[in-house]
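Spelled out from the first residue to the last, the chains are:
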Amino acid sequence: MRFHNAVLTGACGGFGQALARQLIAQGARVALIGLNRAALDELAALAPERCAVYTPDVSDAAAMAAVGADWLARFGAPDLVIANAGVAGGFDTARPDDLRVMRRMLEINLLGVATSFSPFLGAMKDAGRAAALVGVASIAGWRGMPGNGAYCASKAGVIAYLQSLRAELRPTALTVHTVSPGYLRTALTAGNRFAMPGLLEPDEAARRLLAGVARGTEHIVLPRRIGWLSRLLDLLPDKLHDKILLGQPRKPRAGEPGATDIPGLK
């Protein structure tokens, strides 16, 4: 499969920009969706006749529906939608203020996947041709980690949601792909104070993602060896596994040094 019409959320982050540049270089028309207008405009300038920039909050279903209506009117049904928008941060259930962090993370990371697909799904099915829906989850969604409960829960939800959608779309020409990155060298991992085995550059991760989707791979792990390591750790008794994880530094919480911003956090 070669992609000609792509929709990409989270296009202004490190991984998103790498995906956008590779899709544009392949000659695709690309809907660039994110919150950093300057970064999106820079990407669009690579092929202004084939790109459009949108800056909605992905958790706002009405705003995403408007994006979908505009793109469909201009370029027609996409053959690739990548729900990549996401935020990360530490979480402590004992701190009442962190509950707003969990709510916002679920809105962006989980609900944002459905709002990214919904405006395009009907048109993609009606087109009757092969097309792919890609959700970016995380290895963190495979097992909860201390101090990272909100992020892990949001990504576990993405994995389960994509499983459901994949089953629903089996009778159609559409495929659903779950991407589980380990550690990518982006702003989301820059503040991590723990070991990040298998750290992958965004350009290489983007290349592997697009190649995997083109091959029809439904479950893509970036890089694969971090998935094997995670599965091996899962063979340990829970108490021992938890002891190992508790010995690692925790991800910074909102407001702490090294924490990443969470847009729309009130």
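My aim in this report is to walk through the structure given alongside it, one point at a time. (Residues numbered from 1 in each chain as written. Predicted model: local features only at pLDDT ≥ 70, side-chain atom pairs only at ≥ 80, totals over all residues. Heavy atoms only, no water.)

## As for the overall build of the protein
Of the regular secondary structure elements, the protein holds nine helices and seven strands. A globule of 266 residues ought to have a C-alpha radius of gyration of about 18 Å, and the protein, at 18 Å, matches this closely. Projected onto its principal axes, the C-alpha coordinates of the protein cover approximately 50 × 35 × 30 Å. Looking at the protein as a whole, 48% of its 266 residues are labelled buried. Nonlocal contacts in the protein, meaning residues at least 24 apart in sequence, comprise 67% of its contacts between residues at least 6 apart. A total of about 12,000 Å² of accessible surface is found on the protein, and carbon and sulfur atoms cover 55% of it. Charge separation in the protein, taken as the distance between the mean sites of 30 positive and 22 negative side-chain charges, equals 5 Å. (Helix = DSSP H or I, 4+ residues; strand = E, 2+ residues; numbered from the N terminus. Rg over C-alpha atoms; globule rule 2.2 N^0.38 Å. Buried < 20%, exposed > 50% of the residue type's maximum accessible area, 1.4 Å probe, protein only. Contact = heavy atoms within 4.5 Å. Areas by Shrake-Rupley, 256 points an atom, 1.4 Å probe, with all protein chains shown as cover. Lys, Arg positive; Asp, Glu negative; His and termini not counted. Charge placed at Lys NZ, Arg CZ, Asp CG, Glu CD.)

## Concerning the packing of aromatic side chains
Under the defined criterion, the tally for this structure stands at one aromatic pair. With centroids separated by 4.3 Å and ring planes inclined at 40°, the aromatic side chains of W71 and F75 adopt a geometry described as tilted. A residue pair is termed a helical-turn pair when its members lie 3 or 4 positions apart in one helix, as W71 and F75 do in helix α3 (residues 61-75) at four residues. (Phe/Tyr/Trp six-rings, centres within 6.5 Å; stacked < 30°, edge-to-face > 60°.)

## Here's the deal with the packing of helix α1 (residues 14-25) against helix α2 (residues 37-44)
Closest axis-to-axis distance for the α1/α2 pair is 10 Å, and the angle between their directions is 20°. In terms of orientation, α1 and α2 fall into the roughly parallel class. As α1 packs across α2, the resulting crossing turns out to be right-handed. Across the interface between the two elements, Q17, A20, R21 and I24 from α1 touch A39, E42 and L43 from α2. Along the lines of polarity and charge, the residues of the contact of α1 with α2 split into four nonpolar, one polar and two charged. (Axes fitted to C-alpha atoms, helices over the stretch in contact; angles between N-to-C directions. Parallel < 35°, antiparallel > 145°, perpendicular 65-115°, else oblique. Left-handed = near helix turned anticlockwise from the far one by under 90°. Nonpolar A, V, L, I, M, F, W, Y, C, P; charged D, E, K, R; others polar.)

## Quick notes on the side chain of K155
Structurally, K155 is set in helix α5 (residues 149-168). Notably, K155 is buried but unbridged: the nearest opposite-charge side chain belongs to D57, and the N-O separation is 14 Å. (Salt bridge = Lys/Arg side-chain N within 4 Å of Asp/Glu carboxyl O.)

## Thoughts on the sheet that holds strand β1 (residues 5-9)
Across the sheet, seven strands lie side by side as β3-β2-β1-β4-β5-β6-β7; this open sheet has parallel pairing. Sheet topology places β3 (51-54) and β7 (219-222) at the edges, where each strand pairs with a single neighbour. On average, each strand axis in the sheet is tilted by 15° relative to the strand beside it, whichever way the strands run. Bridge count between strand β5 (residues 131-136) and strand β6 (residues 174-181): six bridges; the pairing is parallel. Looking at the pairing, V136 lines up with V179 of β6. Sitting on the sheet, α5 is in contact with β5, β6 and β7, with an inclination near 160° to β6. (Pairing = 2+ DSSP bridges.)

## Description of the packing of α1 against helix α7 (residues 202-215)
Relative placement of two packed helices is described by the angle separating their axes and the distance separating the axes. Their axes nearest at 8 Å, the elements α1 and α7 cross at an angle of 55°. Between α1 and α7, the angle falls in the class oblique. In the crossing of α1 with α7, the sense of the turn from one axis to the other is right-handed. Seen from α1, the contacting residues are G14, F15, A18, L19, Q22 and L23; seen from α7, they are P202, D203, A205, A206, R207, L209 and L210.

## Let's talk about the state of the cysteines
For the structure shown, the criterion picks out zero disulfides. C51 takes part in no disulfide bond, and the closest cysteine sulfur, belonging to C12, lies 14 Å away. The exposure class of C51 is buried, given its relative accessible area of 6%. (Disulfide = S-S within 2.5 Å.)

## Regarding the pattern of salt bridges
Scanning the entire structure with this criterion turns up 15 salt bridges. With a closest N to O distance of 3.8 Å, R166 and E218 form a salt bridge. With a gap of 52 residues between them, R166 in helix α5 and E218 in the loop between α7 and β7 connect regions that are remote in the sequence. By relative accessible area, R166 is classed as buried at 6%. Taken together, the shared-partner salt bridges in this structure form one network comprising D57, R104 and E107.

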